[in-house]
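Structure assessment
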Amino acid sequence: MKKAIFLTAIAGLLLVTGCQNTNENQATGTDSQNAFDDILSKYKTDIPTKILTPNHVDSRLGDLEFYDGIPTKATIDKVYDNIDFARGVDVFLNFIPATSIEGLRLGMKDLGADTYNKVMVLDNLLDASGLFLTGNASTVYASSFFDLEKNGPTVVEIPAGAGPGTVNDAFFRFVVDMGAPGPDRKKGGMYIILPPDYNGNLKPTPNTFQDNSSVKVKVGDKMKDVWIAQSKSYTNWLILRGFLVDGKPDAAAKMWKEGLKIYPLKDALNPKKMEFISGSGKVFNTIHANDYDFYKELASVINKEPISFIDPELRGQAASIGIIKGHEFAPDARMEKILKDAIKVGNATARAISFSPRDKKAYIYEGKQWITGFIGKDYRWLDLDGHRGRNMDARTMFFYLATVNTPAMALEIPGVGSNYGFSAKDKNGELLYGEKNYKLHMEANVPAKDFWSIVVYDPQTRSMLQTDQAYPNKNSQKDPIVYNEDGSVDLYFGPTSPEGKEANWIQTVPGKAWFVLFRTYGPLETWFDKSWQLNDFELVE
(Lines give C-alpha, C1' and ligand atoms only; values in the text may rest on other atoms or scores of the structure.)
Protein backbone atom coordinates (compact mmCIF):
# COMPACT_ATOMS: atom_id res chain seq x y z
CA MET A 1 0.00 0.00 0.00
CA LYS A 2 2.80 2.42 1.00
CA LYS A 3 4.70 1.58 -2.19
CA ALA A 4 1.64 2.38 -4.32
CA ILE A 5 1.15 5.74 -2.56
CA PHE A 6 4.88 6.58 -3.07
CA LEU A 7 4.76 5.80 -6.80
CA THR A 8 1.58 7.84 -7.20
CA ALA A 9 3.26 10.80 -5.49
CA ILE A 10 6.33 10.57 -7.76
CA ALA A 11 4.16 10.40 -10.86
CA GLY A 12 2.24 13.45 -9.68
CA LEU A 13 5.50 15.35 -9.06
CA LEU A 14 6.84 14.51 -12.53
CA LEU A 15 3.55 15.63 -14.08
CA VAL A 16 3.67 18.96 -12.24
CA THR A 17 7.33 19.47 -13.16
CA GLY A 18 6.61 18.66 -16.80
CA CYS A 19 3.75 21.14 -16.85
CA GLN A 20 5.92 23.79 -15.25
CA ASN A 21 8.70 23.28 -17.85
CA THR A 22 6.14 23.41 -20.66
CA ASN A 23 4.67 26.58 -19.23
CA GLU A 24 8.14 28.12 -18.80
CA ASN A 25 9.08 27.32 -22.40
CA GLN A 26 5.80 28.76 -23.59
CA ALA A 27 6.37 31.81 -21.44
CA THR A 28 9.87 32.27 -22.84
CA GLY A 29 8.54 32.12 -26.38
CA THR A 30 5.70 34.44 -25.45
CA ASP A 31 8.08 36.85 -23.73
CA SER A 32 10.30 36.84 -26.81
CA GLN A 33 7.33 37.69 -29.00
CA ASN A 34 6.05 40.23 -26.50
CA ALA A 35 9.47 41.91 -26.61
CA PHE A 36 8.73 42.77 -30.24
CA ASP A 37 4.97 43.40 -30.04
CA ASP A 38 5.28 46.93 -28.73
CA ILE A 39 8.02 47.71 -31.29
CA LEU A 40 6.02 46.25 -34.18
CA SER A 41 2.91 48.20 -33.16
CA LYS A 42 4.68 51.41 -34.19
CA TYR A 43 4.99 50.36 -37.85
CA LYS A 44 2.49 50.51 -40.70
CA THR A 45 4.00 47.57 -42.62
CA ASP A 46 5.32 44.15 -41.66
CA ILE A 47 8.85 44.41 -40.30
CA PRO A 48 10.99 41.26 -39.89
CA THR A 49 11.97 40.86 -36.24
CA LYS A 50 15.47 39.71 -37.20
CA ILE A 51 16.41 43.33 -37.98
CA LEU A 52 15.01 44.71 -34.70
CA THR A 53 16.52 45.04 -31.22
CA PRO A 54 14.34 44.50 -28.12
CA ASN A 55 14.60 46.90 -25.20
CA HIS A 56 16.27 44.17 -23.12
CA VAL A 57 18.76 41.61 -24.46
CA ASP A 58 20.29 38.88 -22.30
CA SER A 59 23.97 38.35 -23.18
CA ARG A 60 27.29 37.16 -21.75
CA LEU A 61 27.78 40.77 -20.65
CA GLY A 62 24.53 40.62 -18.72
CA ASP A 63 21.40 42.62 -19.52
CA LEU A 64 21.83 44.99 -22.45
CA GLU A 65 19.24 47.75 -22.31
CA PHE A 66 17.99 49.84 -25.23
CA TYR A 67 15.35 52.46 -25.89
CA ASP A 68 13.92 51.82 -29.35
CA GLY A 69 17.22 50.31 -30.51
CA ILE A 70 19.45 52.98 -28.99
CA PRO A 71 21.68 51.66 -26.19
CA THR A 72 21.40 53.24 -22.75
CA LYS A 73 24.43 54.73 -20.97
CA ALA A 74 24.94 51.55 -18.95
CA THR A 75 24.93 49.42 -22.11
CA ILE A 76 27.25 51.82 -23.92
CA ASP A 77 29.77 51.55 -21.07
CA LYS A 78 29.52 47.75 -21.06
CA VAL A 79 30.06 47.26 -24.78
CA TYR A 80 32.90 49.78 -25.05
CA ASP A 81 34.69 48.10 -22.14
CA ASN A 82 34.11 44.78 -23.89
CA ILE A 83 35.44 45.87 -27.30
CA ASP A 84 38.50 47.51 -25.76
CA PHE A 85 39.14 44.30 -23.83
CA ALA A 86 38.67 42.15 -26.95
CA ARG A 87 41.02 44.34 -28.97
CA GLY A 88 43.59 44.16 -26.20
CA VAL A 89 43.48 40.36 -26.39
CA ASP A 90 43.70 40.43 -30.20
CA VAL A 91 46.68 42.79 -30.14
CA PHE A 92 48.52 40.41 -27.83
CA LEU A 93 47.81 37.36 -29.99
CA ASN A 94 48.48 39.03 -33.33
CA PHE A 95 51.58 41.03 -32.40
CA ILE A 96 53.59 38.32 -30.65
CA PRO A 97 55.88 38.14 -33.73
CA ALA A 98 56.76 41.84 -33.38
CA THR A 99 57.38 41.83 -29.64
CA SER A 100 59.32 38.58 -29.90
CA ILE A 101 61.80 40.21 -32.26
CA GLU A 102 61.92 43.20 -29.90
CA GLY A 103 62.62 40.88 -26.97
CA LEU A 104 65.49 39.33 -28.91
CA ARG A 105 66.86 42.76 -29.80
CA LEU A 106 66.76 43.90 -26.19
CA GLY A 107 68.37 40.66 -25.02
CA MET A 108 71.21 41.02 -27.52
CA LYS A 109 71.63 44.67 -26.51
CA ASP A 110 71.98 43.68 -22.84
CA LEU A 111 74.78 41.31 -23.85
CA GLY A 112 76.53 44.14 -25.70
CA ALA A 113 75.52 43.15 -29.24
CA ASP A 114 73.85 46.49 -29.91
CA THR A 115 74.91 47.23 -33.48
CA TYR A 116 75.55 45.39 -36.75
CA ASN A 117 79.26 44.63 -36.24
CA LYS A 118 78.73 43.17 -32.75
CA VAL A 119 77.68 39.53 -32.96
CA MET A 120 76.58 37.30 -30.10
CA VAL A 121 78.13 33.86 -30.58
CA LEU A 122 77.21 30.84 -28.49
CA ASP A 123 80.72 29.49 -28.86
CA ASN A 124 80.17 26.87 -26.17
CA LEU A 125 76.53 26.30 -27.19
CA LEU A 126 73.31 27.60 -25.66
CA ASP A 127 72.66 26.32 -22.15
CA ALA A 128 69.78 26.67 -19.72
CA SER A 129 71.13 29.95 -18.27
CA GLY A 130 69.92 31.94 -21.25
CA LEU A 131 66.21 32.53 -21.82
CA PHE A 132 65.72 31.90 -25.52
CA LEU A 133 62.52 30.48 -27.01
CA THR A 134 63.11 26.76 -27.70
CA GLY A 135 66.75 27.29 -28.59
CA ASN A 136 68.96 24.28 -29.25
CA ALA A 137 72.19 23.04 -27.73
CA SER A 138 73.26 21.29 -30.92
CA THR A 139 74.44 24.12 -33.17
CA VAL A 140 76.63 27.19 -32.68
CA TYR A 141 74.42 30.26 -32.97
CA ALA A 142 75.64 33.61 -34.30
CA SER A 143 73.15 36.44 -33.77
CA SER A 144 73.21 40.06 -34.92
CA PHE A 145 70.73 42.91 -35.36
CA PHE A 146 71.14 45.63 -37.96
CA ASP A 147 69.28 48.89 -38.48
CA LEU A 148 68.61 49.60 -42.16
CA GLU A 149 67.14 53.02 -41.39
CA LYS A 150 70.41 54.13 -39.83
CA ASN A 151 72.88 52.29 -42.05
CA GLY A 152 71.11 51.79 -45.37
CA PRO A 153 71.76 48.71 -47.55
CA THR A 154 73.77 46.28 -45.47
CA VAL A 155 76.24 43.62 -46.60
CA VAL A 156 76.45 40.21 -44.95
CA GLU A 157 79.36 37.96 -45.91
CA ILE A 158 78.73 34.31 -45.04
CA PRO A 159 81.63 31.85 -44.77
CA ALA A 160 81.60 28.49 -46.52
CA GLY A 161 80.28 25.65 -44.39
CA ALA A 162 77.51 27.63 -42.69
CA GLY A 163 74.50 25.66 -41.54
CA PRO A 164 70.95 27.05 -41.69
CA GLY A 165 70.87 30.86 -41.56
CA THR A 166 68.04 33.35 -41.92
CA VAL A 167 67.23 37.05 -41.85
CA ASN A 168 63.85 37.93 -40.35
CA ASP A 169 62.25 41.38 -40.27
CA ALA A 170 60.72 43.19 -37.28
CA PHE A 171 57.45 41.24 -37.61
CA PHE A 172 59.35 37.95 -37.83
CA ARG A 173 58.65 37.70 -41.54
CA PHE A 174 61.08 35.87 -43.77
CA VAL A 175 63.59 38.02 -45.67
CA VAL A 176 66.23 35.59 -46.96
CA ASP A 177 67.91 32.29 -46.16
CA MET A 178 71.68 31.91 -46.01
CA GLY A 179 74.03 28.98 -45.65
CA ALA A 180 72.77 25.43 -46.13
CA PRO A 181 69.17 26.22 -47.25
CA GLY A 182 70.07 29.54 -48.90
CA PRO A 183 71.13 30.35 -52.45
CA ASP A 184 74.82 29.99 -51.52
CA ARG A 185 74.06 26.31 -50.73
CA LYS A 186 76.59 26.19 -47.89
CA LYS A 187 79.39 27.47 -50.15
CA GLY A 188 79.38 30.95 -48.62
CA GLY A 189 78.94 34.26 -50.35
CA MET A 190 77.80 37.85 -50.13
CA TYR A 191 74.29 39.16 -49.45
CA ILE A 192 72.91 42.70 -49.50
CA ILE A 193 69.80 43.54 -47.46
CA LEU A 194 67.89 46.58 -48.72
CA PRO A 195 65.74 48.87 -46.51
CA PRO A 196 61.97 48.97 -47.10
CA ASP A 197 62.14 52.50 -48.54
CA TYR A 198 65.16 51.86 -50.80
CA ASN A 199 64.65 53.30 -54.30
CA GLY A 200 68.08 52.82 -55.88
CA ASN A 201 69.18 50.60 -58.74
CA LEU A 202 69.63 47.36 -56.81
CA LYS A 203 66.84 44.79 -57.23
CA PRO A 204 66.13 41.64 -55.24
CA THR A 205 67.36 38.33 -56.67
CA PRO A 206 65.27 35.10 -56.55
CA ASN A 207 67.10 33.82 -53.43
CA THR A 208 65.81 30.26 -53.41
CA PHE A 209 67.64 27.00 -53.03
CA GLN A 210 66.39 26.01 -56.48
CA ASP A 211 67.09 29.37 -58.20
CA ASN A 212 70.32 30.71 -56.76
CA SER A 213 71.16 33.16 -59.53
CA SER A 214 73.18 36.14 -58.30
CA VAL A 215 74.04 39.55 -59.78
CA LYS A 216 77.20 41.62 -60.13
CA VAL A 217 77.35 44.61 -57.77
CA LYS A 218 80.18 47.01 -56.99
CA VAL A 219 81.06 46.51 -53.33
CA GLY A 220 83.77 48.94 -52.33
CA ASP A 221 86.06 49.10 -55.35
CA LYS A 222 85.38 45.59 -56.67
CA MET A 223 82.58 43.89 -58.60
CA LYS A 224 81.12 41.03 -56.58
CA ASP A 225 78.58 38.27 -57.13
CA VAL A 226 75.84 38.98 -54.60
CA TRP A 227 72.33 37.96 -53.62
CA ILE A 228 69.97 40.80 -52.81
CA ALA A 229 66.90 40.80 -50.57
CA GLN A 230 64.65 43.64 -49.47
CA SER A 231 63.15 43.83 -45.99
CA LYS A 232 59.82 45.39 -45.03
CA SER A 233 61.28 46.81 -41.82
CA TYR A 234 64.29 48.75 -40.59
CA THR A 235 65.16 46.35 -37.77
CA ASN A 236 66.35 42.94 -38.96
CA TRP A 237 67.64 39.88 -37.14
CA LEU A 238 70.37 37.71 -38.61
CA ILE A 239 70.52 34.27 -37.00
CA LEU A 240 73.07 31.72 -38.19
CA ARG A 241 73.79 28.17 -37.07
CA GLY A 242 77.06 26.28 -37.41
CA PHE A 243 77.30 22.52 -37.11
CA LEU A 244 79.48 20.73 -34.60
CA VAL A 245 82.62 18.96 -35.80
CA ASP A 246 83.48 15.75 -33.95
CA GLY A 247 80.78 16.73 -31.47
CA LYS A 248 82.54 19.99 -30.58
CA PRO A 249 81.61 23.66 -31.24
CA ASP A 250 85.15 24.97 -31.77
CA ALA A 251 85.26 24.78 -35.57
CA ALA A 252 81.89 26.49 -36.01
CA ALA A 253 82.78 29.24 -33.54
CA LYS A 254 86.04 29.81 -35.41
CA MET A 255 84.15 29.88 -38.72
CA TRP A 256 81.92 32.73 -37.50
CA LYS A 257 84.72 34.72 -35.88
CA GLU A 258 86.98 34.51 -38.93
CA GLY A 259 84.50 34.48 -41.79
CA LEU A 260 81.35 36.42 -40.84
CA LYS A 261 81.35 40.08 -41.83
CA ILE A 262 78.53 42.64 -41.62
CA TYR A 263 78.80 46.27 -42.74
CA PRO A 264 76.85 49.02 -44.51
CA LEU A 265 77.38 48.97 -48.28
CA LYS A 266 78.43 52.63 -48.11
CA ASP A 267 81.28 51.68 -45.73
CA ALA A 268 82.57 48.73 -47.77
CA LEU A 269 86.00 50.34 -48.27
CA ASN A 270 86.46 50.92 -44.55
CA PRO A 271 84.15 48.67 -42.53
CA LYS A 272 84.16 48.57 -38.74
CA LYS A 273 86.03 45.72 -37.11
CA MET A 274 83.78 42.80 -36.19
CA GLU A 275 83.30 42.08 -32.48
CA PHE A 276 82.16 38.68 -31.22
CA ILE A 277 80.53 38.42 -27.79
CA SER A 278 80.13 35.05 -26.13
CA GLY A 279 76.64 34.32 -24.78
CA SER A 280 77.41 30.81 -23.51
CA GLY A 281 76.97 30.36 -19.78
CA LYS A 282 75.51 33.85 -19.38
CA VAL A 283 72.17 34.83 -17.89
CA PHE A 284 70.08 36.81 -20.38
CA ASN A 285 66.47 37.18 -21.50
CA THR A 286 65.26 37.44 -25.09
CA ILE A 287 61.57 36.73 -24.46
CA HIS A 288 58.73 39.24 -24.81
CA ALA A 289 56.60 40.23 -21.82
CA ASN A 290 53.39 38.41 -20.89
CA ASP A 291 52.11 41.32 -18.82
CA TYR A 292 51.26 44.97 -19.44
CA ASP A 293 54.85 45.65 -20.59
CA PHE A 294 53.98 43.74 -23.78
CA TYR A 295 52.08 46.79 -25.05
CA LYS A 296 55.03 49.06 -24.24
CA GLU A 297 57.35 46.77 -26.20
CA LEU A 298 54.96 46.87 -29.13
CA ALA A 299 54.72 50.66 -28.97
CA SER A 300 58.52 50.84 -29.34
CA VAL A 301 58.37 48.66 -32.45
CA ILE A 302 55.51 50.62 -34.05
CA ASN A 303 57.30 53.93 -33.45
CA LYS A 304 60.58 52.64 -34.89
CA GLU A 305 59.29 51.06 -38.10
CA PRO A 306 57.83 52.68 -41.23
CA ILE A 307 54.06 52.96 -41.67
CA SER A 308 54.22 50.36 -44.44
CA PHE A 309 55.76 47.84 -42.02
CA ILE A 310 52.32 46.36 -41.30
CA ASP A 311 49.02 46.57 -43.20
CA PRO A 312 46.19 49.00 -42.28
CA GLU A 313 44.20 46.26 -40.53
CA LEU A 314 46.97 45.51 -38.06
CA ARG A 315 47.84 49.19 -37.66
CA GLY A 316 44.21 49.90 -36.87
CA GLN A 317 44.11 47.12 -34.32
CA ALA A 318 47.10 48.54 -32.47
CA ALA A 319 45.76 52.09 -32.79
CA SER A 320 42.43 51.05 -31.25
CA ILE A 321 44.18 50.54 -27.91
CA GLY A 322 46.37 53.63 -28.23
CA ILE A 323 49.53 52.31 -29.97
CA ILE A 324 50.08 54.73 -32.86
CA LYS A 325 53.27 55.67 -34.70
CA GLY A 326 54.47 59.09 -33.64
CA HIS A 327 52.40 59.08 -30.45
CA GLU A 328 53.23 58.21 -26.87
CA PHE A 329 51.47 55.14 -25.56
CA ALA A 330 49.70 56.62 -22.53
CA PRO A 331 46.28 55.05 -21.89
CA ASP A 332 44.07 56.55 -19.20
CA ALA A 333 43.34 54.71 -15.94
CA ARG A 334 40.24 53.01 -17.35
CA MET A 335 42.02 51.73 -20.47
CA GLU A 336 45.10 50.64 -18.54
CA LYS A 337 42.94 48.55 -16.20
CA ILE A 338 41.18 46.92 -19.16
CA LEU A 339 44.48 46.16 -20.93
CA LYS A 340 46.00 44.64 -17.80
CA ASP A 341 43.04 42.27 -17.75
CA ALA A 342 43.21 41.67 -21.51
CA ILE A 343 46.86 40.65 -21.36
CA LYS A 344 46.00 37.96 -18.79
CA VAL A 345 43.37 36.46 -21.07
CA GLY A 346 45.58 36.89 -24.14
CA ASN A 347 48.44 35.05 -22.46
CA ALA A 348 46.12 32.27 -21.30
CA THR A 349 44.76 31.97 -24.84
CA ALA A 350 48.24 31.78 -26.37
CA ARG A 351 49.18 29.06 -23.91
CA ALA A 352 46.02 27.07 -24.68
CA ILE A 353 46.65 27.38 -28.43
CA SER A 354 50.29 26.37 -28.00
CA PHE A 355 50.04 23.44 -25.62
CA SER A 356 46.61 22.08 -26.61
CA PRO A 357 45.89 23.10 -30.23
CA ARG A 358 42.39 22.25 -31.44
CA ASP A 359 43.40 22.34 -35.11
CA LYS A 360 43.67 18.75 -36.35
CA LYS A 361 46.28 19.85 -38.88
CA ALA A 362 48.60 20.66 -35.97
CA TYR A 363 49.21 16.97 -35.29
CA ILE A 364 51.92 15.27 -37.30
CA TYR A 365 50.50 11.75 -36.88
CA GLU A 366 46.95 10.58 -36.42
CA GLY A 367 46.30 9.42 -32.88
CA LYS A 368 49.59 10.75 -31.48
CA GLN A 369 50.62 13.81 -29.48
CA TRP A 370 53.39 15.17 -31.73
CA ILE A 371 52.72 18.63 -33.17
CA THR A 372 54.23 20.58 -36.07
CA GLY A 373 55.25 24.22 -35.81
CA PHE A 374 54.24 25.05 -39.36
CA ILE A 375 50.58 24.09 -39.44
CA GLY A 376 49.50 23.78 -43.04
CA LYS A 377 53.16 23.53 -44.16
CA ASP A 378 53.29 27.24 -44.91
CA TYR A 379 55.76 29.67 -43.32
CA ARG A 380 53.18 32.47 -43.77
CA TRP A 381 50.46 30.31 -42.16
CA LEU A 382 48.18 30.74 -45.17
CA ASP A 383 45.51 28.07 -44.80
CA LEU A 384 44.80 26.04 -47.97
CA ASP A 385 47.29 28.24 -49.82
CA GLY A 386 45.41 31.32 -48.66
CA HIS A 387 41.89 30.29 -49.72
CA ARG A 388 40.86 30.32 -46.07
CA GLY A 389 43.08 33.27 -45.24
CA ARG A 390 45.77 33.27 -42.59
CA ASN A 391 45.58 30.69 -39.83
CA MET A 392 45.90 33.13 -36.93
CA ASP A 393 46.05 30.48 -34.22
CA ALA A 394 48.81 28.64 -36.07
CA ARG A 395 50.91 31.80 -36.23
CA THR A 396 50.28 32.53 -32.57
CA MET A 397 51.32 29.01 -31.58
CA PHE A 398 54.56 29.15 -33.53
CA PHE A 399 55.76 32.50 -32.26
CA TYR A 400 54.70 31.91 -28.68
CA LEU A 401 56.98 28.88 -28.62
CA ALA A 402 59.67 29.48 -31.21
CA THR A 403 61.83 31.84 -33.25
CA VAL A 404 63.24 31.89 -36.80
CA ASN A 405 60.81 31.93 -39.70
CA THR A 406 61.99 30.35 -42.92
CA PRO A 407 60.40 28.34 -45.76
CA ALA A 408 63.17 25.79 -45.24
CA MET A 409 61.40 24.58 -42.10
CA ALA A 410 58.07 24.26 -43.88
CA LEU A 411 59.18 22.83 -47.22
CA GLU A 412 59.81 19.15 -47.82
CA ILE A 413 63.32 19.04 -49.25
CA PRO A 414 64.97 15.74 -48.25
CA GLY A 415 68.45 16.23 -46.85
CA VAL A 416 68.18 20.03 -46.60
CA GLY A 417 67.44 22.30 -43.64
CA SER A 418 65.75 21.04 -40.51
CA ASN A 419 62.36 19.83 -39.34
CA TYR A 420 60.68 19.63 -35.96
CA GLY A 421 58.22 17.77 -33.78
CA PHE A 422 56.87 19.20 -30.52
CA SER A 423 55.20 17.29 -27.68
CA ALA A 424 53.92 18.30 -24.24
CA LYS A 425 51.87 15.18 -23.42
CA ASP A 426 52.24 11.44 -22.95
CA LYS A 427 50.47 8.79 -25.03
CA ASN A 428 47.33 9.14 -22.88
CA GLY A 429 47.13 12.89 -23.46
CA GLU A 430 48.31 13.73 -19.94
CA LEU A 431 50.84 16.47 -19.21
CA LEU A 432 54.47 15.51 -18.76
CA TYR A 433 55.16 15.90 -15.03
CA GLY A 434 58.65 16.53 -13.68
CA GLU A 435 58.25 14.21 -10.70
CA LYS A 436 57.29 11.23 -12.89
CA ASN A 437 59.43 8.97 -15.07
CA TYR A 438 58.92 8.50 -18.82
CA LYS A 439 60.44 6.57 -21.69
CA LEU A 440 60.58 7.55 -25.36
CA HIS A 441 61.28 4.66 -27.73
CA MET A 442 62.66 5.75 -31.09
CA GLU A 443 62.79 3.22 -33.90
CA ALA A 444 66.00 2.50 -35.80
CA ASN A 445 67.14 4.61 -38.74
CA VAL A 446 66.10 8.04 -37.47
CA PRO A 447 65.56 10.08 -40.67
CA ALA A 448 68.37 12.62 -40.28
CA LYS A 449 71.16 13.01 -42.82
CA ASP A 450 73.22 15.18 -40.48
CA PHE A 451 72.00 14.40 -36.94
CA TRP A 452 68.99 14.46 -34.63
CA SER A 453 68.43 15.95 -31.20
CA ILE A 454 65.78 16.21 -28.51
CA VAL A 455 65.66 19.07 -26.00
CA VAL A 456 63.58 19.46 -22.84
CA TYR A 457 61.96 22.84 -22.21
CA ASP A 458 60.22 24.73 -19.40
CA PRO A 459 56.58 25.62 -20.26
CA GLN A 460 56.82 28.85 -18.25
CA THR A 461 59.79 30.34 -20.10
CA ARG A 462 59.59 28.13 -23.22
CA SER A 463 63.36 27.96 -22.81
CA MET A 464 65.61 25.10 -21.78
CA LEU A 465 64.60 23.46 -18.51
CA GLN A 466 66.99 24.43 -15.71
CA THR A 467 68.24 21.29 -13.96
CA ASP A 468 71.56 19.92 -12.71
CA GLN A 469 72.31 19.24 -16.39
CA ALA A 470 73.55 22.40 -18.16
CA TYR A 471 72.31 21.02 -21.46
CA PRO A 472 68.92 19.26 -21.05
CA ASN A 473 69.17 17.42 -24.35
CA LYS A 474 70.46 14.43 -26.27
CA ASN A 475 72.25 14.85 -29.57
CA SER A 476 73.14 11.97 -31.87
CA GLN A 477 76.25 13.82 -32.99
CA LYS A 478 77.91 14.61 -29.67
CA ASP A 479 76.38 12.48 -26.90
CA PRO A 480 77.44 8.87 -26.12
CA ILE A 481 73.91 7.54 -26.57
CA VAL A 482 73.47 3.79 -26.07
CA TYR A 483 71.46 2.15 -28.85
CA ASN A 484 69.58 -1.14 -28.72
CA GLU A 485 70.80 -4.12 -30.75
CA ASP A 486 68.24 -3.45 -33.49
CA GLY A 487 69.39 0.18 -33.86
CA SER A 488 66.48 1.66 -31.96
CA VAL A 489 67.02 3.84 -28.92
CA ASP A 490 65.23 4.36 -25.60
CA LEU A 491 65.49 7.78 -23.96
CA TYR A 492 64.52 8.32 -20.32
CA PHE A 493 63.08 11.43 -18.67
CA GLY A 494 62.59 11.95 -14.95
CA PRO A 495 64.02 13.47 -11.76
CA THR A 496 66.55 10.63 -11.38
CA SER A 497 68.13 8.29 -13.87
CA PRO A 498 67.05 4.65 -14.10
CA GLU A 499 69.95 2.45 -13.04
CA GLY A 500 72.43 1.96 -15.87
CA LYS A 501 70.60 4.40 -18.20
CA GLU A 502 72.54 7.59 -17.41
CA ALA A 503 73.79 8.01 -21.00
CA ASN A 504 70.20 8.10 -22.32
CA TRP A 505 68.62 10.15 -19.49
CA ILE A 506 67.47 13.78 -19.38
CA GLN A 507 66.64 15.21 -15.97
CA THR A 508 63.30 16.84 -15.11
CA VAL A 509 62.18 18.86 -12.07
CA PRO A 510 59.55 17.67 -9.58
CA GLY A 511 56.63 20.08 -9.38
CA LYS A 512 57.26 21.40 -12.88
CA ALA A 513 55.86 20.35 -16.23
CA TRP A 514 58.06 20.02 -19.32
CA PHE A 515 57.87 19.59 -23.07
CA VAL A 516 60.27 18.65 -25.85
CA LEU A 517 61.30 19.51 -29.36
CA PHE A 518 62.63 16.75 -31.58
CA ARG A 519 64.83 18.05 -34.39
CA THR A 520 66.05 16.31 -37.50
CA TYR A 521 68.82 18.12 -39.39
CA GLY A 522 68.81 17.10 -43.02
CA PRO A 523 65.43 15.33 -42.72
CA LEU A 524 65.10 12.33 -45.01
CA GLU A 525 62.20 11.10 -47.11
CA THR A 526 61.00 8.71 -44.41
CA TRP A 527 60.36 11.72 -42.15
CA PHE A 528 58.19 13.42 -44.74
CA ASP A 529 56.25 10.33 -45.89
CA LYS A 530 55.85 9.27 -42.22
CA SER A 531 57.02 5.74 -42.83
CA TRP A 532 59.23 6.45 -39.80
CA GLN A 533 57.30 7.96 -36.90
CA LEU A 534 58.01 9.27 -33.45
CA ASN A 535 56.34 7.35 -30.64
CA ASP A 536 54.61 9.03 -27.74
CA PHE A 537 56.05 9.24 -24.24
CA GLU A 538 55.21 6.30 -21.99
CA LEU A 539 54.86 6.64 -18.25
CA VAL A 540 57.24 4.32 -16.40
CA GLU A 541 55.94 3.21 -13.02
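Overview of the structure.

The rules behind the values
Residues numbered from 1 in each chain as written. Predicted model: local features only at pLDDT ≥ 70, side-chain atom pairs only at ≥ 80, totals over all residues. Heavy atoms only, no water. Helix = DSSP H or I, 4+ residues; strand = E, 2+ residues; numbered from the N terminus. Buried < 20%, exposed > 50% of the residue type's maximum accessible area, 1.4 Å probe, protein only. Contact = heavy atoms within 4.5 Å. Areas by Shrake-Rupley, 256 points an atom, 1.4 Å probe, with all protein chains shown as cover. Lys, Arg positive; Asp, Glu negative; His and termini not counted. Charge placed at Lys NZ, Arg CZ, Asp CG, Glu CD.

**Some details on the overall build of the protein**
Secondary structure assignment for the protein yields eleven helices and 24 strands. The principal-axis extents of the C-alpha atoms in the protein amount to approximately 95 × 65 × 40 Å. Counting all 541 residues of the protein, 50% fall into the buried class. Of the contacts made within the protein by residues no fewer than 6 positions apart, 72% connect residues no fewer than 24 positions apart. A total accessible area of about 25,800 Å² is found for the protein, and carbon and sulfur atoms account for 52% of it. With 62 positive and 68 negative side-chain charges, the protein shows a spacing of 4 Å between the two charge centroids.

**Side note on the side chain of Asn 473**
Residue position: Asn 473 is located in strand 20 (residues 473–475). According to the relative accessible area criterion, Asn 473 is buried, its value standing at 4%. With near-sequence residues (within four places) excluded, Asn 473 lies in contact with Ala 137, Ser 138, Ile 454, Val 455, Lys 478, Asp 479 and Ile 506.

**With respect to the environment of Leu 269**
You can see Leu 269 is positioned in the loop between strand 14 (261–264) and strand 15 (275–278). Its relative accessible area of 64% is what places Leu 269 among the exposed residues. Sequence spacing of Leu 269 and Val 219 is 50 residues, and the spatial spacing of their C-alpha atoms is 8.0 Å. Apart from residues no more than four positions distant in its own chain, Leu 269 is found in contact with Gly 220 and Asp 221.

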